[in-house]
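# Observations on the three-dimensional arrangement
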Amino acid sequence: MKNKIELYFISLGLLFFLFVLTTVNFPIYFGEDWTFVGIKNVLKLNIVPIVCIILIIIVCYLYSRFSYKLKGALDIPYKVEEIKNINYEYLTFLTTYIIPLICFDLSNIRDIIVLSVLLIILGCLFTKTNLYYANPSLALLGYHIYRAKLETRYGAKDDVILIAREKVKKGDTVLPKKLEENVYFIKVQHNE
């Protein structure tokens, strides 16, 4: 469950970045009689972007931690019997959940509260329904999503989600790292 929550939070990294871009506020005046408004006033004008930058730092930490976990021991090799690329699910998540959230007016405390509650509800839904793998941040980092049928020494595993940095094709041997019952991060085993 902890991995799912971390992956969901990582998926929000792009949203936090977009909030920084849309809410950052630096008073700019190019007249000859300009004066610096002061650090305190600049910080007051940029509370939301500062919070979002802190959240982006947390996202970076969680991703580095998650990436480190993926380097751990892998399971025995599986053979890919059938495979289908489902990278479109990244776009589904992005267009359905991330892009509409940018429309919130973050200068209004009520909208900030509603957005926070909505993000918590989305997080609960994504972790309970196992849709956390459709993470646009992972797509930007070069990961691909596949739906596959795998052949294991214990029999076939149908309708499995594979997340990989490499392209995967039918007949490949993969080394899985189980995330959930039907979700695996994999590395393609190169036969030499």
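Shown above is the structure to which this text applies.
Overview of the structure. Worth saying up front: this structure is predicted, and the values here are computed from it rather than measured. (Residues numbered from 1 in each chain as written. Predicted model: local features only at pLDDT ≥ 70, side-chain atom pairs only at ≥ 80, totals over all residues. Heavy atoms only, no water.)

For the chain, the count of helices and strands is seven helices and five strands. Secondary structure elements in the chain, listed N-terminal to C-terminal, are α-α-α-α-β-α-α-α-β-β-β-β. Relative to the globule expectation of 16 Å for 192 residues, the C-alpha radius of gyration of the chain, 21 Å, shows a markedly less compact shape. Oriented by its inertia axes, the alpha-carbon framework of the chain measures out at about 75 × 35 × 25 Å. Across the 192 residues of the chain, 39% fall into the buried class. (Helix = DSSP H or I, 4+ residues; strand = E, 2+ residues; numbered from the N terminus. Rg over C-alpha atoms; globule rule 2.2 N^0.38 Å. Buried < 20%, exposed > 50% of the residue type's maximum accessible area, 1.4 Å probe, protein only.)

The subject of this paragraph is the environment of Lys-128. Positionally, Lys-128 belongs in helix α6 (residues 109-128). With relative accessibility at 68%, the residue Lys-128 sits in the exposed group. Sequence-wise, Lys-128 and Asn-3 are 125 residues apart; in three dimensions their C-alpha atoms are separated by 12 Å.

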